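Read off the chains here:
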Amino acid sequence: MMFNRKNTGLGGRMVPLVTLTAAALALTGCAGGGGTQGETSAPVEEQKITFIPKQLNNPYTDVVLGGGKKGSEEAGFASSQVVGPLEASASSQVSFINAETQAGTNVIVIAANDPDAVCTALGEARSAGAKIVAFDSDANPDCRDVFISQVVAKEVALIQTKLIAEQIGGSGEIAILSATANATNQNEWIKFMEEDLNTNPAYKDIKLVAKVYGDDDDTKSFQEAQGLLQAHPNLKGIISPTTVGIAATARYLSTSAYKGKVALTGLGLPNEMRPFVKDGTVTEFALWDPAQLGYVAAFAGKALVEGKITGAAGDTFTAGELGDRTVEEGGLVIVGPPTVFNKDNIDQYDF
């Protein structure tokens, strides 16, 4: 078995190296997910799972979906596929959900661009028998069975405010460069960041002066970073809680007069951020193992479609080599804690 860290995965756990194959497998019309507790809604040889990410051709998403593909194979789905939009707009996923409903897909795994814009379509899919697993970015809880979350949302927020505070010496103006304005996970993290900045005495001299959105588009994120620095000449730091945004911002800073003067942290992929850490543009940033997110989502989908869990608090299922998981209140399943990357450890990771 191959691993994506030279010895262990994030947080010391062993995580398999996975690569995404984006070719879609053909679906046959087979109603699924309508069985009662303890029943299998479709024969094992016919169970199908489809992943609908926020957008395709996103490096972070590719790693997540790679884990989903591996998990789907190990869980025993007859087939798995990936479909989705090229742009992360609020309603761009609806047509893909509708197509999966018509195809009779047993499990739909979705990272919602907007928690409510996808709700009607997901409700129709559930009525048709599909089980709905939200992952990475939650849908409205009324429209899905479980949500596979990277980590406890507040922990993600607090580690980012801690990192930026350390890097700017505890005082000065900062800004946030996020993904889309309606992304559930981004907005939850930002809410906790703002609360932390407003209530933690250690951050009383830090002022959040702007929030901008790069829509998880590299070019737009680059331009938004440039715009922030032009609009706020006293800016001392930027938090970008999105892998596309932090990489684009680092690329801009690395060739600008702001390199070494404006701090940058957030959530990034080690392979993308490695050159910026080594050239001094970025000191530290954080992330969890994205492959684990897709991997656990696949096993949750399998447990749902086979009636082993319903999404109720206290339900348990086994997520392959990552072990047993418990469903918490609100249908929440936590994958694992974030890891901080810096020049001392970044070469130990490969994703």
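Predicted, not measured: the structure shown is a model, and the values here were computed from it. (Residues numbered from 1 in each chain as written. Predicted model: local features only at pLDDT ≥ 70, side-chain atom pairs only at ≥ 80, totals over all residues. Heavy atoms only, no water.)

Chemist: Sorry, what's going on with helix α7 (residues 243-254) here?
Modeler: Every α-helical turn comprises 3.6 residues, leaving residues that sit three or four positions apart pointing alike. Given a rise of 1.5 Å per residue, twelve residues ought to cover 16 Å, and the 16 Å separating the end C-alpha atoms of α7 matches this to within 8%. Among the twelve residues that make up α7, eleven are buried, leaving the element largely enclosed by the rest of the structure. Three or more residues of α7 are buried, namely T243, V244, G245, I246, A247, A248, T249, A250, Y252, L253 and S254. (Helix = DSSP H or I, 4+ residues; strand = E, 2+ residues; numbered from the N terminus. Expected span 1.5 Å × (residues − 1). Buried < 20%, exposed > 50% of the residue type's maximum accessible area, 1.4 Å probe, protein only.)

Chemist: So what exactly am I meant to see when it comes to helix α6 (residues 218-231) here?
Modeler: With 14 residues, α6 ought to run about 20 Å at 1.5 Å a step, and its terminal C-alpha atoms sit 20 Å apart, in line with that. Looking at α6, one finds that the buried residues are S221, A225, L228 and L229. Projected onto a plane normal to the axis of α6, the buried residues spread over an arc of 90 degrees and lie on a single side. Those residues of α6 that are exposed and aimed more than 90 degrees away from the buried face are Q230 and A231. Taken together, the buried residues of α6 touch β6 (171-178), β7 (205-213), β8 (235-240) and α7. The opening residue of α6 is D217, an N-cap whose side-chain oxygen sits 3.2 Å from the backbone nitrogen of T219. (Arc of directions from axis to C-beta. Contact = heavy atoms within 4.5 Å. Polar contact = N/O pair within 3.5 Å; in protein donor to acceptor, adjacent residues only side chain to side chain.)

Chemist: Sorry if this is basic, but what is going on with the packing of α6 against α7 here?
Modeler: Packed helix pairs are characterised by how far apart their axes lie and by the angle those axes make with each other. The geometry of α6 relative to α7 is characterised by a closest axis approach of 8 Å and an angle of 55 degrees between their N-to-C directions. Taken together, the axis directions place α6 and α7 in an arrangement best described as oblique. The hand of the α6/α7 crossing is right-handed. Along the contact surface, α6 presents D218, S221, F222, A225, Q226 and L229, while α7 presents V244, G245, A248, T249, R251, Y252 and L253. (Axes fitted to C-alpha atoms, helices over the stretch in contact; angles between N-to-C directions. Parallel < 35°, antiparallel > 145°, perpendicular 65-115°, else oblique. Left-handed = near helix turned anticlockwise from the far one by under 90°.)

Chemist: Which parts of the structure should I look at to understand the sheet that holds strand β4 (residues 131-135)?
Modeler: The strands making up a sheet are joined through hydrogen bonds of the backbone, oriented either antiparallel or parallel. Reading across the sheet, the six strands line up as β2-β1-β3-β4-β5-β13 and stay open at both edges, with parallel pairing between neighbours. At either end of the open sheet lies a strand with only one pairing partner, and these are β2 (79-82) and β13 (332-334). Within the sheet, the average angular offset between the axes of one strand and its neighbour, ignoring direction, is 20 degrees. One ladder, built from three bridges, connects β4 with strand β5 (residues 146-149); its direction is parallel. Within the sheet, the bridge partner assigned to F135 lies in β5 and is I148. Seen against the sheet, helix α2 (residues 94-103) touches β1 (48-52), β2 and β3 (107-110) and runs at an angle of roughly 175 degrees to β1. Contacts from helix α9 (residues 290-305) reach β1, β3, β4, β5 and β13, with the element oriented near 160 degrees to β4. (Pairing = 2+ DSSP bridges.)

Chemist: What am I meant to see in the packing of aromatic side chains here?
Modeler: Two aromatic rings, taken as a pair, are described by how far apart their centres are and by the angle between their planes. Under the definition given, this model contains nine aromatic pairs. On the numbers, 5.3 Å between centres and 90 degrees between planes, the contact of F222 with Y252 is edge-to-face. Of the two residues, F222 sits in helix α6 while Y252 sits in helix α7, which places them 30 residues apart along the sequence. Residue class for F222 comes out partly exposed when judged on its relative accessible area of 23%. Assessed through its relative accessible area of 11%, Y252 is described here as buried. Measuring from centroid to centroid gives 6.5 Å for F341 and F351, while their planes differ by 75 degrees, and the two rings are edge-to-face. (Phe/Tyr/Trp six-rings, centres within 6.5 Å; stacked < 30°, edge-to-face > 60°.)

Chemist: I'm lost on unusual backbone geometry in this one. Help?
Modeler: A negative phi angle characterises most non-glycine residues, just as the trans form characterises most peptide bonds. Of note in the backbone geometry, N57 takes a positive phi value of approximately 60 degrees without being a glycine. Relative to the helices and strands, N57 resides in the loop between β1 and α1 (59-75). Exposure remark for N57: the relative accessible area of 66% places this residue in the exposed category. One non-glycine residue with positive phi stands out, namely D136, at about 70 degrees. With respect to the helices, strands and loops of the structure, D136 is situated in the loop between β4 and β5.

Chemist: Just to check I follow, could you spell out empty space enclosed by the protein for this structure?
Modeler: The rolling of a water-molecule-sized probe over the atoms marks out the regions of remaining empty space. In the structure shown here, the tally under the stated rule is four cavities of 30 Å³ or more. In this structure, the largest cavity is lined by 19 residues; those nearest its centre are K54, Y60, D136, N185 and D216. Class assignment for the residues of the lining of the largest cavity results in ten nonpolar, six polar and three charged. (1 Å grid on protein atoms, 1.4 Å probe; cavity = no way out; pocket = protein on both sides within 12 Å on 5 of 7 lines; lining within 4 Å. Points joined across faces, edges and corners; volume = space filled by probe spheres on them. Nonpolar A, V, L, I, M, F, W, Y, C, P; charged D, E, K, R; others polar.)

Chemist: Explanation requested: the sheet that holds β6 in the structure shown.
Modeler: The sheet built from four strands is open, its strands ordered β7-β6-β8-β9 with parallel pairing. The sheet terminates laterally at β7 and β9 (263-266), the two strands that pair on one side only. Here the strands of the sheet are splayed against their neighbours by 25 degrees on average, with no regard to which way each runs. Strand direction decides the pairing type here: β8 and β9, joined by four bridges, are parallel. The residue bridging I239 from the neighbouring strand is T265, located in β9.

Chemist: I keep staring at the pairing of β6 and nothing clicks. Help me out?
Modeler: Two faces make up the sheet, and in a regular strand the side chains alternate between them. Counting buried positions along β6 gives six out of eight residues, so the element sits mostly inside the fold. One ladder, built from eight bridges, connects β6 with β7; its direction is parallel. Bridging across to β7, E173 finds its partner in K207. The parallel pair β6 and β7 is bridged by helix α5 (residues 184-199), and the resulting crossover is right-handed. Of the strand pairs in this sheet, β6 and β8 are connected by four bridges, and their pairing is parallel. Residue pairing in the sheet places A175 in a bridge with I238 of β8. (Right-handed = clockwise from strand over helix to strand, strands pointing away.)

By themselves, these are just geometric observations and shouldn't be taken as functional.
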